[in-house]
Amino acid sequence: MAENQSMDTLQAPGTVFFIFGATGDLAHRKLYPAIYSLYREGKLSEDFAVIGVARRPRSPEEFRSDIRESITEFCRYKVNNEEEWNRFVQHFEYKSLDINNIDGYVELKAQTEALEQRFNIPGNRLFYLALAPELFGSVSLNLKKGGMLDSEGWHRLVIEKPFGYDLPSAEELNAQLNQVFKEEEIYRIDHYLGKEMVQNIEVIRFANAFFEPLWNNKHIANVQITLSETVGVEERGGYYDHAGALRDMGQNHMLQMLTMIAMEPPSRLLPEDIRDEKVKVLRSLRPYQSSDEVRDNVVRGQYTAGESGGKKLPGYREEDKVDPNSNTETYFAAKLWVDNFRWAGVPFYIRTGKRLPVKTTEVVVEFKNMPTNVYLGQRHSLQPNLLVIRVNPMEGIYIKINAKNPGTESEIKPLAMEFCQSCQVGINSPEAYERLIHDAAHGDSTYFTRWDEVATAWSFIDRIAKAWAESPGDLRTYPAGSWGPQEAQDLLAKDGYKWWPVNGQEEDNVIWIKG
Ligand code: BG6
């Protein structure tokens, strides 16, 4: 996309979208609703088609009724015009396919060409693999062997995380994909990068004279990123017990948010310039050199039985498909250093966990205290200024400053001024998957992770995983419904800081102005 074009109004080029894993949860909850929203917003016009691909047989009618269900349940737009619905759903077809059988791909090719002709689509094909990662390599190879990449237009592969289990397995997967697709044709999803407020970080930073001049180690004391969830592992015990919080959230969402906070301003707002800056941040992360360093800087925990909202909750080891002796972490908190000129000396604290008290993702930037001065310092203990970016599920920002308590002579109080974006925009804020599918159809890879980002993130994470594997005894526990192990509080306390309350939890003594 040209630098000055707006994605908000741009129509996607004529494309066939292939959803591999068409009967799965992701397609049902996220992908079909996203496609319908794009259609309703005029970002998809009539020159598109969707082919749902999965093993189980499904008649076209059954498939279309699955899609209707998914949209009724999960889409921010509701169907309110049957004529429009029929126009939309006629673009959907289904193909039952054994993904290891080449003949199936040859049939898929014929089906695709017929649809391309019918909807006047110039051979652009986007393959979305909502599948188990072990299948990515063989599906890609079979797409090629089956002639699916022989059309005139472009071909793009969109894949879900996790991209590998560690650096060696990610390298192997990447090599497999590269036999078929070039790096610029591969769109690795990290859905956090599609979130409104994660994308807003760039704007808040680079469009405000308030912030960018202060965005460095002279003025910022520390940065805190919290990604807390109330859910446990639900029906994903099998996957999660193998992955754990570090791989499931740390290697991707948390490090990606950190790069958005810490990167240098890119020279141009083009995908490669932005991704170049992000990967520099990952390369600047100070690697932990020993197991002791890992122990001092990273806390890992697993939830035990507990309670939340009056409901009794089982411990992790009692969850379905989880090893009863599992040492997998459901929580981790870490102190990271970005060793570059801008950030030298500023700790970045990150934490994530399942079965915590609230569902929220927030970034807190804590500014350094004012130098004590005669006027205020002796009589008042001032609180630091904060900039808080609320990513999920509430979207917004607030700043916390010090001001005179109205009506008093000289009492100073913290004043939090909040812009609650989700209160204003509500249901109209696009879902991450809408943006990402739209971007991929346009060939805009800004908010997808490039191979060097993935590899650099793994090499940082692998050191932690290795240290943990060597000392399983470091695993702490926390009751479900609590804020995680005490050691995570100590991590900040040692440095004279604390985790700031998240989710708008109001501290005493703060005056809130909400908008
Ligand atoms: C996924 C993880 O990538 O992100 C899940 O695999 C996690 O374990 C989810 O629950 C959180 O995403 P969101 O958008 O609900 O915060």
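What counts as what
- Residues numbered from 1 in each chain as written.
- Predicted model: local features only at pLDDT ≥ 70, side-chain atom pairs only at ≥ 80, totals over all residues.
- Heavy atoms only, no water.
- Axes fitted to C-alpha atoms, helices over the stretch in contact; angles between N-to-C directions.
- Helix = DSSP H or I, 4+ residues; strand = E, 2+ residues; numbered from the N terminus.
- Parallel < 35°, antiparallel > 145°, perpendicular 65-115°, else oblique.
- Contact = heavy atoms within 4.5 Å.
- Nonpolar A, V, L, I, M, F, W, Y, C, P; charged D, E, K, R; others polar.
- Domains from an automatic or database assignment.
- Buried area = accessible area lost by both parts, 1.4 Å probe.
- Salt bridge = Lys/Arg side-chain N within 4 Å of Asp/Glu carboxyl O.
- Core = buried A, V, L, I, M, F, W, Y, C linked by side-chain atoms within 4.5 Å.
- Buried < 20%, exposed > 50% of the residue type's maximum accessible area, 1.4 Å probe, protein only.

Asks: How should I be thinking about the packing of helix 1 (residues 25–40) against helix 2 (residues 60–74) in this particular structure?
Replies: A packed helix pair is summarised by two numbers, namely the angle formed by the two axes and the spacing between the axes. Their axes nearest at 8 Å, the elements helix 1 and helix 2 cross at an angle of 90°. Between helix 1 and helix 2, the interaxial angle falls into the category roughly perpendicular. Where helix 1 abuts helix 2, its residues H28, R29, Y32, P33 and Y36 lie against F63, D66, I67, E69, S70, I71, E73 and F74. Residues belonging to the contact of helix 1 with helix 2 are distributed by class as follows: seven nonpolar, two polar and four charged.

Asks: Any chance you could explain the domain arrangement of the protein here in plain terms?
Replies: Where interface size is given, it is often the accessible area lost as the parts come together that is meant. One can read the domain layout of the protein as domain 1 (15–160) and domain 2 (193–514). Here the C-alpha centre of domain 2 lies 35 Å away from the C-alpha centre of domain 1. Counting residues at the interface gives 17 residues for domain 1, matched by 13 residues for domain 2. Counting each side, the surface lost to burial between domain 1 and domain 2 is near 1300 Å², with a carbon and sulfur contribution of 64%. Where domain 1 meets domain 2, there are two salt bridges. Between E434 and R76 there is a salt bridge whose closest N-O contact spans 2.8 Å. Only strand 1 (15–20), helix 1, strand 4 (125–129) and strand 5 (155–159) provide two or more residues apiece to the side of domain 1 that touches domain 2. Along the lines of polarity and charge, the residues of the side of domain 1 that touches domain 2 split into ten nonpolar, two polar and five charged.

Asks: What exactly am I supposed to notice about the nonpolar core here?
Replies: One recurring pattern in soluble globular proteins: nonpolar side chains tend to sit buried together. The biggest cluster of nonpolar side chains holds 143 residues, and the ones touching the most others in it are F20, F88, Y128, L258, L336 and F348. In this structure, this core is formed jointly by two domains, domain 1 (15–160) and domain 2 (193–514), each of which donates at least three residues. Once you skip the residues sitting within four places of it in the chain, L258 turns out to touch I225, V281, L285, L336, V338, F348 and I350. Residues V364, V388, A416 and W512 belong to the second largest nonpolar core, which totals eight residues.

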